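Chain by chain, the residues:
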Amino acid sequence: MPPLRWMWRVLSDPGALPSAGPRWPRGVALDLALGGAQAALALWARFVVAWAFWFSGLTKVRDWETTLALFENEYAVPVLSPGLAAWLGTGGELVLPVMLLLGWGGRLAALGLSVVNAVAVISLPEVAPAAWVQHQLWGALLLALAFWGPGGLSVDAWRTRRLTRSGECR
C-alpha cells in the first residue's frame, strides 16, 4: 500500500495501526512524522499570513477617511474605482484571514489573499525593500497553501475525514 494511502488510513481510522512496529510497511513512521510536521507548518504559515493581513484590515477600518484618501491619492489600483477598491481590499483583509486561519475554504482564502497581496504590490508606486521581502514571503506561503492545502489541522481536513468516514465522499 502506498505510504500516503497508509497515512490517510491511519489518520482516518486510528484502529488501523498495527500493534507491533516491525509489521509496519517501510517508511510509514517517517510518513506519519512528516505528515504531522506538515500539518503544524501549514498551521504556522496560515497564522503568519492571517495575522499580517488581519491587522492591516483593522488599521484600514480604524481610520476609514485616511484609507479612502490613500486609495484615491496613493494607491493606483488598476480597473477599480478608489472607493470600491478600498471596500474590497479591506473586506478581503478582514474576511479571508479568518477563513485562512481556520482552514475553512483554505485554498480559496489563500488564492484570495494572493490577489490582495499582488494588488498591494502592483498599486504602490514604490515598495520599500523590507516591505518587498515581506510581500514575497507572504506570497510564497500563500502559494504553498493554495497548492498543498491548509493541512491536517484545518476545518477542511476535518470535514474531509468526517465525510469520508460517513461514506458520503468516497
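As the structure is a prediction and not an experimental result, all values here were calculated from the model.

Enquirer: How would you explain helix 5 (residues 106-123) if you had to name every residue and give the values?
Expert: The terminal C-alpha atoms of helix 5, which comprises 18 residues, lie 25 Å apart, in line with the 26 Å expected from a rise of 1.5 Å per residue. Taken together, the buried positions of helix 5 are occupied by Gly 106, Ala 109, Ala 110, Leu 113, Ser 114, Val 116, Asn 117, Val 121 and Ser 123.

Enquirer: Which residues make up the pattern of salt bridges, and what values go with them?
Expert: What the rule picks out here adds up to one salt bridge. The salt bridge partner of Glu 93 is Lys 60, with a shortest N-O separation of 3.0 Å. With Glu 93 in helix 4 (residues 82-102) and Lys 60 in helix 2 (residues 28-62), this pair connects stretches of sequence that are 33 residues apart. Taken individually, Glu 93 and Lys 60 each receive the classification buried, so the pair is uniform in this respect.

Enquirer: Describe in detail unusual backbone geometry, supporting the description with residues and values.
Expert: Here the phi dihedral of Val 79 falls at roughly 75 degrees; this positive angle occurs in a residue that is not glycine. Following the sequence through the fold, Val 79 ends up in the loop between helix 3 (64-73) and helix 4. Taking relative accessible area as the criterion, Val 79 reaches 86% and is therefore assigned exposed.

Enquirer: So what about the environment of Ser 81? Which residues, and what values?
Expert: Mapped onto the elements, Ser 81 comes out in the loop between helix 3 and helix 4. For Ser 81, a relative accessible area of 40% gives the class partly exposed.

What counts and what doesn't
- Residues numbered from 1 in each chain as written.
- Predicted model: local features only at pLDDT ≥ 70, side-chain atom pairs only at ≥ 80, totals over all residues.
- Heavy atoms only, no water.
- Helix = DSSP H or I, 4+ residues; strand = E, 2+ residues; numbered from the N terminus.
- Expected span 1.5 Å × (residues − 1).
- Buried < 20%, exposed > 50% of the residue type's maximum accessible area, 1.4 Å probe, protein only.
- Salt bridge = Lys/Arg side-chain N within 4 Å of Asp/Glu carboxyl O.

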